[in-house]
4 protein chains.
Amino acid sequence: MIDAELIAAQNAQQQNALDSDYAALGERLARAGVDIESLTQQASQFAVALPSWGLGTGGTRFARFPGSGEPRNIFEKVDDCAVVNQLGQATPAVSLHIPWDTPSDAAELRQFAQERGLHFDAMNSNTFQDQKGQPQSYKYGSLSHSDKAVRDQAVEHNIEVIELGRKLGSNALTVWVGDGSNFPGQQNFNRTFSRYLDSTSAIYSALPDDWSMQLEHKMFEPAFYSTVIQDWGSSYLAATQIGERCKCLVDLGHHAPNVNIEMIVSRLAQFGKLGGFHFNDSKYGDDDLDSGSINPYQLFLVFNELVDIKNRQPSFAPFYMLDQSHNVTDPIESLIYSAAEVQRAFVKALLVDRKALEGFQDSNDVLMAQGTLKAAYNLDVEPILQMARLRSNGAIDPIQAYRASGYRAQCGKDRPASKNSSGSGIV
Amino acid sequence: MIDAELIAAQNAQQQNALDSDYAALGERLARAGVDIESLTQQASQFAVALPSWGLGTGGTRFARFPGSGEPRNIFEKVDDCAVVNQLGQATPAVSLHIPWDTPSDAAELRQFAQERGLHFDAMNSNTFQDQKGQPQSYKYGSLSHSDKAVRDQAVEHNIEVIELGRKLGSNALTVWVGDGSNFPGQQNFNRTFSRYLDSTSAIYSALPDDWSMQLEHKMFEPAFYSTVIQDWGSSYLAATQIGERCKCLVDLGHHAPNVNIEMIVSRLAQFGKLGGFHFNDSKYGDDDLDSGSINPYQLFLVFNELVDIKNRQPSFAPFYMLDQSHNVTDPIESLIYSAAEVQRAFVKALLVDRKALEGFQDSNDVLMAQGTLKAAYNLDVEPILQMARLRSNGAIDPIQAYRASGYRAQCGKDRPASKNSSGSGIV
Amino acid sequence: MIDAELIAAQNAQQQNALDSDYAALGERLARAGVDIESLTQQASQFAVALPSWGLGTGGTRFARFPGSGEPRNIFEKVDDCAVVNQLGQATPAVSLHIPWDTPSDAAELRQFAQERGLHFDAMNSNTFQDQKGQPQSYKYGSLSHSDKAVRDQAVEHNIEVIELGRKLGSNALTVWVGDGSNFPGQQNFNRTFSRYLDSTSAIYSALPDDWSMQLEHKMFEPAFYSTVIQDWGSSYLAATQIGERCKCLVDLGHHAPNVNIEMIVSRLAQFGKLGGFHFNDSKYGDDDLDSGSINPYQLFLVFNELVDIKNRQPSFAPFYMLDQSHNVTDPIESLIYSAAEVQRAFVKALLVDRKALEGFQDSNDVLMAQGTLKAAYNLDVEPILQMARLRSNGAIDPIQAYRASGYRAQCGKDRPASKNSSGSGIV
Amino acid sequence: MIDAELIAAQNAQQQNALDSDYAALGERLARAGVDIESLTQQASQFAVALPSWGLGTGGTRFARFPGSGEPRNIFEKVDDCAVVNQLGQATPAVSLHIPWDTPSDAAELRQFAQERGLHFDAMNSNTFQDQKGQPQSYKYGSLSHSDKAVRDQAVEHNIEVIELGRKLGSNALTVWVGDGSNFPGQQNFNRTFSRYLDSTSAIYSALPDDWSMQLEHKMFEPAFYSTVIQDWGSSYLAATQIGERCKCLVDLGHHAPNVNIEMIVSRLAQFGKLGGFHFNDSKYGDDDLDSGSINPYQLFLVFNELVDIKNRQPSFAPFYMLDQSHNVTDPIESLIYSAAEVQRAFVKALLVDRKALEGFQDSNDVLMAQGTLKAAYNLDVEPILQMARLRSNGAIDPIQAYRASGYRAQCGKDRPASKNSSGSGIV
């Protein structure tokens, strides 16, 4: 991890400016009856999980251009996660991908993470790739495969992931599959979906009582004509069939062009099936770009719903994870920056004057209703984010602190590139 | 209607060629163990309803360019529908739009239609426009409006449409609303959807026991940020909440770009909620182009599902309607031609060797599975369609017969353009 | 126009808060070496034209829900434009649509506008509708029609618009046509484009030396299979063929889904063909929503290019116009609000540290490059916009001032609804 | 290659049926004044090139599921290409990808191909991946990279590809690059494009006089925010700047959703810049699915343009290549099947009654104009394709013959899987 002295020294240089900006913003908010301290506190409590595979450089089907000092195993990934969280103070949990990150000793890994202030969030299974020595192939599907032997293998794998997760302190399983077809006619939609429901129900039966199961829908890729859970409609159908603790997970990049994602968020929550999020941004397809990098207002609108849902259902506690492919940036930097972008959207959503908004909505004062959202969005809450980090011993400017630390260069020395790196990050 | 002699004379000129083509196709099909007569019979029984508003020239928000001799009232529209059905023999029902087509005497209209071989299919209500003298405005919504008085008016209108439909012999109500928003923040998604569910439940309560209610989803337009039933997911949620005889209606043009519509068809049917179709084609948005004019293979894939569903659920009997905007063609010609295109897709779907297909699917012989669909699609079934028309006293070449009849020119004389024409066709 | 006293009184109540916010922002900017006064001055000079048709309530092909007190003629539209500009101080020009706004006396209209602080921007011709008494119909096209008589009529209309524009002090003609097709095969792309080039070249020949001609591309609507100028590629081709003063106009809503518009802006400018903009926002198609209401970051990215272009080509002076359909808001309010949103994007683009950006780009420091844009975008420049308005005798909060003035209610009395209103706003 | 006896034996079993179908179709066409023999002859002359990398199983960024007996080097790839061409008789040329397929001895490879009835089509360079030992990395671009050393390396590579191509008898270079950006701000569009133009101009200078250079545009992937040649507009601009023999290559999967590709084909041809095609099909993005598998009517519409262009410009001779990723099928089978699908679209396009079409277009008889295309498309030309193959010693049913031959099983024995297989097919 980064030397706390270095962070403190960096912060010391920036604190005067921050104090000044924070005071000015506080005064402005106070004029509107908003207490900045309450916002800063809520910002401090905000958390979004890191995906273990996100610490390696990502890639595409065309190429991957590795960066220097990539983590070579799950312990090095956890090390990197610890740095992300130390500087940014918004990412205390890690989400593992099995078998990429299977530890030989779960207890050891759990303790290793705890020592670095981290715990384990939702577990991710993988039945979209063939692993060495695996008897059955997933080339034509996994949980929905026409061959029962393949389905059984995929179910068994998921149950093993649950078992491992229990040892690591996780309490959720996220299921995303590559199942689908590339040609009209390749699969019968009805029978394929039935098989999927059978398999996921079998996994659900093995779920501990305090766990939830998260179904992740995706419109396309790696299957390019149909996918078994292609949209929120199929995800809702499946989650309803499978059981009460089966929920729908929304990945922001897994939708058809132009789709109103914030509305899907509302619908799923209204009917008790919204389970969590994979955050990223996209311009064309499932681009897995950094959260908020393309359309930050959309991210705000999603959080506008989330704050509204939370007000309605105080027990609402969705899973949040960054799911990005860092192809041209240092993954640590992108994760720090992106976590702050998500946090920024959350804080701005807190600023929405919901009482006024409801009034404008009820009276169809459209201009003022939209203006109420814009008024919150247009405010610059950077001082709140910085102050929240400062008070938690993070860095006011975490990218600058990270660069000053020389962490990546040290990794470059400590972690010579390996041909069998598990850090491919290609997801 | 068209003089039967004229049709017979036209047919006489073309029958030799048809007989030859029909025999050759019959021989080819026989080689594959398929009986052409069975197909011709099924083609003869195929029916798709005509929308009363489709007989007028359509338009866009920019302009409408009326054609000559447009129908000026519901009786003239029924006259035109009779011509479409006489020549094409695939469209024996008419779907009314209220209040555009409200008759002063329902019994009279019903008899008028019967005399022309027509009956009335699903009724369509209209709460997306303000009618003269209407107390409440739908500017900000109808069934989901924030003001109960507006919702009540919209519910009441739907109930009146049901009442009228009973008198006309219809057995279904199709509900499509323009409700939605143009700005983020304009509406609260949760509360708006709840109000929609309340209103539609009230309408459902007034539904006769042998009627169904069809909910039509639409991604956008006239609302451009959100719509209350934006996709099949919301439609399914609503239909499930409302009641067993509430179903989902799929309009081919009401989806996000790239969406796999045939898969939606399968999902809704698998869970008992597929109610019917509005057929049209589109390249960009809800273009309401003629069915099969842009992507005929997609239309075939939809019918491939429909035939599969029917095999699974013999009682499956969805509503079919052409929902097109005829901006640059003679509506009668477009409706004849389009009905035949839909029928063509149906007949080709019947040709799919489903036993072979299932085998290829189960063994993941992907190339042959897709090839099985393509083999059916590539066949030219035009002789079957022509023979089905000939045997039902329709025209082998209905467009040619229509033009030979001079029907449109006669309408141009009999129906001088009116400023208050009800035939605007702008939907 | 609005009583200046009322505006002053409103401003007086808000000035203390503004002064405080402005000082705090000024201090923050000064820390980064940026002079707030320079920004405020540039904000004051920013101008975007108002479309005369935008003052009426807009609509869709389904319905139009008129508001109260809509302008009934071009003089009342200019009155409304004067109010928009008085309060918002960012819209000193009006763009006319002919024949909707043809004045009986051009000199009178010009003086009427001048007295209200307004002048006339680019002229818009209309060959996408048939006007009463027009010999030829545009049902199947205008400038690209297969019939020379139709093309000649359309060319002649454009030349008349130029003539009128000269009298009004305009210096540009914007040409958008509805020409295109609804079916594959309806038109031959090659011959249609050739005819379009011939017609536009004929118009260009009549262009005064100090005028430019702006070609506006559009992907679809009202034609739904092809349009003659479907994208910037065809627009560039045409502008290059036609002549040096023929340029390409970019309407933000006229592109295929996901297209990178800011890149198109750059390409057209790099090759000397960027002529102007129609600002609006959209989620699905050519939704004509208020500028910045859906994706404000995209609007910022467009201005990021515009500022970059201006730095490269100091003489660069594109035409800017708001092109929105105000279906559910008071058009005056939407125009005031939208002009400020466009201005906001401009001011934020000015804040980009371009020297630092170039350095990050050259060294492929991707995270910092994107962060440099985000740093500018995240700043809240509202105090600058407010101060710019205040110093120009506009309103600090123009919507509040407008509502306080009772202007709309007065219009509701002064302008009884007319059946033949020219203010339809349906474009 | 496949035993000619086996093919002959298969054909013998099917020839009676073919003769019967061919005669019936011939009679039907004769009735319309069309000579089936002329069509069969043109079908026989149709050719589309095979991409050397298409013989290996394709994959996605998530996984690749290799098939059995994949080719391990360029000679085995050529062997597979020979089988594809032997059975399907539509693919006499191979398009190489360098450095994946660099031969140690070009003359040897050329002769090896000739002996199998094959020659070499357009050469493909690769600057979107880093090769072992390569001094400069393409992580941040190649021909448009900010660093001149990287650009020089990429230019040099292309020149080497030209040199190799000369030895192999090729006469074109296709340039597709992955250059672009993942974040707004990462690159300056203007400067990046200028660098691209400089680099490609340098390559063009090295082009032999009888060669052409083909620029391939792509909307996104591997770059997910911008690409340097994002659409046909930028491709046209570049080709125009670079030189007369620089042309634009259209890959059917590289466009924004909904875009009218056949119109782009027409525009590029009208202005002399249409160079060639990469055929494939797609539903969502650059899915690289088998040609005609998703939207066969679109493929027909593209060929409708190509036939029209050829009639206008008899010297028009574009490059055709199949560019597909065979993830779940045997690549040999997919290539045979796809080549026939492209050929099918071509033959149907030949059937369009262009004189009648022109008449309908000129008189705006829209229904008949579109019906003229549909009439050609609806015909089943399978007998023509079969007869063309039979007469060229190919197989009437090439998939069946291929399977009967046991070729793949033999490859499975002869080609044990290698870890360093060059046949990855992931493009």
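Within an unreviewed UniProt entry, the label attached to chain A reads L-rhamnose catabolism isomerase, and the organism entered is Marinobacterium rhizophilum.

A. Structural context of the overall build of chain A. From N to C terminus, chain A includes 15 helices and 11 strands. For 427 residues, the compact-globule estimate of 2.2 N^0.38 gives 22 Å, and the C-alpha radius of gyration of chain A, at 22 Å, lies within 12% of that figure. When contacts within chain A are restricted to residue pairs at least 6 apart in sequence, those whose partners lie at least 24 apart make up 79%. Here chain A has roughly 13,500 Å² of accessible surface; of this, 48% comes from carbon and sulfur atoms.

B. Up close: the nonpolar core. Counting residues in each nonpolar core, the largest one holds 521 residues, and the members touching the most others are Phe303(A), Phe303(B), Phe303(C) and Phe303(D). Beyond its immediate chain neighbours, meaning those up to four positions away, Phe303(D) contacts Phe46(D), Phe279(D), Tyr320(D), Val342(D), Ala345(D), Phe346(D) and Ala349(D).

C. Expanded view of the interface of chain A and chain B. Residue-level contacts link 55 residues of chain A with 55 residues of chain B. Applying the counting criterion to the chain A and chain B interface returns four salt bridges. The partner of Asp362(A) in a salt bridge is Arg191(B), and the shortest N-O contact between them spans 3.0 Å. Applying the counting criterion to the chain A and chain B interface returns 28 residue pairs in polar contact (both at pLDDT 80 or more). Broken down by secondary-structure element, the contributors of at least two residues to the side of chain A that touches chain B are helix H6 (189-205), strand E8 (226-227), helix H7 (232-242), helix H8 (261-270), helix H9 (296-312), helix H11 (354-362) and helix H12 (366-378) of chain A.

D. A look at the interface of chain B and chain C. Taken residue by residue, the interface counts 46 residues in chain B and 46 residues in chain C. When chain B packs against chain C, close to 4,000 Å² is buried across both sides, 65% of that on carbon and sulfur atoms. When residues of chain B are sorted by the area they lose upon contact with chain C, Arg61(B), Phe62(B) and Tyr284(B) head the list and together hold 23% of the total. For Arg61(C), the salt bridge identified is with Glu221(B), shortest N-O distance 2.9 Å. Counting across the interface, chain B meets chain C through 12 residue pairs in polar contact (both at pLDDT 80 or more). A per-class count over the side of chain B that touches chain C returns 22 nonpolar, 14 polar and 10 charged.

E. Broad picture of the pattern of salt bridges. All names here are of chain D. For the structure on display, the rule yields 112 salt bridges over all chains. Across the salt bridge formed by Arg-408 and Asp-330, the nearest N and O atoms sit 2.6 Å from each other. Residue Arg-408 is located in helix H15 (residues 407-414), and its partner Asp-330 is located in the loop between strand E11 (319-322) and helix H10 (331-350); the two are separated by 78 residues in the primary sequence. Here the two residues Arg-408 and Asp-330 agree in accessibility, since each one is buried.

F. How the structure looks around unusual backbone geometry. In the segment running from Glu221(A) into Pro222(A), the intervening peptide bond is cis, with an omega of 10 degrees. Residue position: Pro222(A) is located in the loop between strand E7 (212-216) and E8. Located in the positive-phi region is Asn364(D), a residue other than glycine, with phi close to 55 degrees. With a relative accessible area of 12%, Asn364(D) lands in the buried category.

G. Quick look at the side chain of Asn11(B). Residue and element names in this part refer to chain B. Here Asn-11 shows up in helix H1 (residues 4-31). The buried category is assigned to Asn-11, whose relative accessible area is 6%. With near-sequence residues (within four places) excluded, Asn-11 lies in contact with Leu-390, Gly-394, Ala-395 and Ile-396.

H. Spatial organisation of the relation of the copies chain A and chain B. Superposing chain A onto chain B takes a rotation of 180 degrees plus a shift of 0.0 Å along the axis, which leaves an RMSD of 0.0 Å. The operation mapping one copy onto its partner corresponds to a two-fold rotation axis. Measuring from the rotation axis to each C-alpha of chain A, the shortest distance belongs to Gly233(A), at 2.1 Å.

I. Geometry of the packing of H9(A) against H12(A). All names here are of chain A. At a minimum axis separation of 11 Å, H9 and H12 run at an interaxial angle of 115 degrees. Taken together, H9 and H12 sit at an angle that is classed as roughly perpendicular. For the pair H9 and H12, the sense of crossing is right-handed. Counting all contacts with H9, which are made through Pro-296, Tyr-297, Phe-300, Leu-301 and Asn-304, the residues of H12 involved are Leu-373, Lys-374, Ala-376 and Tyr-377. Among the residues forming the contact of H9 with H12, the class breakdown is seven nonpolar, one polar and one charged.

J. Local environment of the relation of the copies chain B and chain C. Aligned on chain C, chain B shows an RMSD of 0.0 Å; the corresponding rotation is 180 degrees and the shift along the axis is 0.0 Å. When you check the interface residues of chain B against chain C, 100% turn up at the interface there too, and the contact is symmetric in its surfaces.

K. Structural detail: the sheet that holds strand E3 (residues 119-120) of chain C. Residue and element names in this part refer to chain C. Strand order in the open sheet formed by three strands is E1-E2-E3, with parallel pairing between adjacent strands. The two strands at the open ends of the sheet, each matched to only one other strand, are strand E1 (50-51) and E3. With two bridges connecting them, strand E2 (residues 93-95) and E3 associate as parallel partners. Paired with Ala-93 across the two strands is His-119, which belongs to E3.

L. Structural view of the packing of aromatic side chains. For the coordinates displayed, the defined rule picks out 98 aromatic pairs over all chains. The interplanar angle of 65 degrees and the centroid separation of 6.1 Å between the aromatic rings of Phe303(B) and Phe346(B) together place this pair among those described as edge-to-face. Pair noted here: Phe303(B) is in helix H9 (residues 296-312) and Phe346(B) is in helix H10 (residues 331-350), with a separation of 43 residues, a long-range link. Here Phe303(B) falls in the buried class, since its relative accessible area comes to 0%. The exposure class assigned to Phe346(B) is buried, which follows from its relative accessible area of 15%. Here the aromatic rings of Trp100(D) and Phe128(D) are separated by 6.2 Å at their centres, their planes lie at 90 degrees, and the arrangement is edge-to-face. In this pair, Trp100(D) sits in the loop between strand E2 (93-95) and helix H4 (106-115) while Phe128(D) sits in the loop between strand E4 (123-124) and helix H5 (148-168), placing the two residues 28 residues apart along the sequence. Phe128(D) shares its class with Trp100(D); the two are buried. Here the aromatic cluster, defined as three or more aromatic residues joined through ring pairs, consists of Phe46(A), Phe277(A), Phe279(A), Phe303(A), Tyr320(A) and Phe346(A).

M. Structural view of the pairing of strand E9 (residues 246-251) of chain A. Residues and elements named next belong to chain A. Of all the six residues making up E9, five are buried; the element is thus mostly covered by neighbouring parts of the structure. The pairing of E7 with E9 spans four bridges and is parallel. Across the sheet, the residue bridging to Leu-215 is Cys-248, located in E9. Examined bridge by bridge, E9 and strand E10 (residues 274-279) share four bridges and lie parallel to one another. Each bridged residue has a counterpart across the sheet, and for Asp-251 the counterpart in E10 is His-278. After leaving E9, the chain enters H8 and then returns to the sheet as E10, a path that is right-handed.

N. Broad picture of the confidence of the model for chain A. Mean pLDDT over chain A: 96, with 98% of residues reaching 70 or higher. The ipTM value of the predicted complex is 0.97, and its pTM value is 0.98.

O. Local environment of the state of the cysteines. Applying the stated criterion across every chain, the model contains zero disulfides over all chains. Take Cys411(A): it sits in no disulfide, and the sulfur closest to it among the cysteines is that of Cys81(A), at 12 Å. Since its relative accessible area comes to 4%, Cys411(A) is described here as buried. Unpaired in terms of disulfides, Cys248(C) finds its nearest cysteine sulfur in Cys246(C), a separation of 7.0 Å.

P. Fine view of the packing of helix H10 (residues 331-350) of chain A against helix H13 (residues 382-391) of chain A. All names here are of chain A. Direction vectors running N to C along H10 and H13 enclose 120 degrees, while the axes themselves pass 10 Å from each other. As far as their axial angle goes, H13 and H10 are oblique. H13 is crossed by H10, and the crossing has right-handed handedness. Together, Ala-340, Gln-343, Arg-344 and Val-347 of H10 and Glu-382, Ile-384, Leu-385 and Arg-389 of H13 make up the contact between the two elements. Grouping the constituent residues of the contact of H10 with H13 by class yields four nonpolar, one polar and three charged.

Cut-offs applied
Residues numbered from 1 in each chain as written. Chains lettered and ligands numbered in written order. Predicted model: local features only at pLDDT ≥ 70, side-chain atom pairs only at ≥ 80, totals over all residues. Heavy atoms only, no water. Helix = DSSP H or I, 4+ residues; strand = E, 2+ residues; numbered from the N terminus. Rg over C-alpha atoms; globule rule 2.2 N^0.38 Å. Contact = heavy atoms within 4.5 Å. Areas by Shrake-Rupley, 256 points an atom, 1.4 Å probe, with all protein chains shown as cover. Core = buried A, V, L, I, M, F, W, Y, C linked by side-chain atoms within 4.5 Å. Buried < 20%, exposed > 50% of the residue type's maximum accessible area, 1.4 Å probe, protein only. Salt bridge = Lys/Arg side-chain N within 4 Å of Asp/Glu carboxyl O. Polar contact = N/O pair within 3.5 Å; in protein donor to acceptor, adjacent residues only side chain to side chain. Buried area = accessible area lost by both parts, 1.4 Å probe. Nonpolar A, V, L, I, M, F, W, Y, C, P; charged D, E, K, R; others polar. Least-squares fit on C-alpha atoms with pLDDT ≥ 70 in both. Axes fitted to C-alpha atoms, helices over the stretch in contact; angles between N-to-C directions. Parallel < 35°, antiparallel > 145°, perpendicular 65-115°, else oblique. Left-handed = near helix turned anticlockwise from the far one by under 90°. Pairing = 2+ DSSP bridges. Phe/Tyr/Trp six-rings, centres within 6.5 Å; stacked < 30°, edge-to-face > 60°. Right-handed = clockwise from strand over helix to strand, strands pointing away. pLDDT = per-residue confidence, 0-100. Disulfide = S-S within 2.5 Å.

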